[in-house]
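# An overview of the molecular structure
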Amino acid sequence: MQELVDGEYVRVGPVHTLRNGRILNEIDTEYFFAFGEGRPAYFGMNYCPFCGRALSRGLWNAEKKKQGR
């Protein structure tokens with residue numbers, strides 16, 4: 001994942017820091033795939049594509065709540 005971040009294929013940070021692009025979905029996350037040059041399109045991730053860990057806040061909170069039972 002770090003290689004994708006370093007290559008700017010994945011952006012990590014709050015949604016308001018994504019500039020000059022379009023957000024394609026409405027997931028409460030800080031992890032976004034970035035597609036295209038110039039004016040990129042951003043696609044929020046629910047899960048890490050490599051390990052399957054929850055990345056979106058909604059899923060992360062649901063998993064924590066489930067583990068706390």
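Look up a bit, the structure's there.
The structure reproduced in this document is the subject of the present report. (Residues numbered from 1 in each chain as written. Predicted model: local features only at pLDDT ≥ 70, side-chain atom pairs only at ≥ 80, totals over all residues. Heavy atoms only, no water.)

This brings us to the pairing of strand 3 (residues 31-35). A one-sided burial pattern is seen for strand 3, the buried positions being Phe-32 and Ala-34 and the unburied ones Tyr-31, Phe-33 and Phe-35. Bridge count for strand 1 (residues 10-12) against strand 3 is three bridges, and the pairing is antiparallel. Within the sheet, the bridge partner assigned to Arg-11 lies in strand 3 and is Phe-32. Pairing analysis gives four bridges linking strand 3 to strand 4 (residues 41-44), with the strands arranged antiparallel. By the bridge assignment for strand 4, Phe-35 is matched with Ala-41. (Buried < 20%, exposed > 50% of the residue type's maximum accessible area, 1.4 Å probe, protein only. Helix = DSSP H or I, 4+ residues; strand = E, 2+ residues; numbered from the N terminus. Pairing = 2+ DSSP bridges.)

Positive phi, close to 65 degrees, is recorded for Glu-8, a residue that is not glycine. Mapped onto the secondary structure, Glu-8 falls in the loop between helix 1 (2-6) and strand 1. The phi torsion at Asn-20 lies on the positive side, around 55 degrees, for a residue other than glycine. For Asn-20, a relative accessible area of 63% corresponds to the exposed category.

Shape descriptors only; they carry no functional weight alone.
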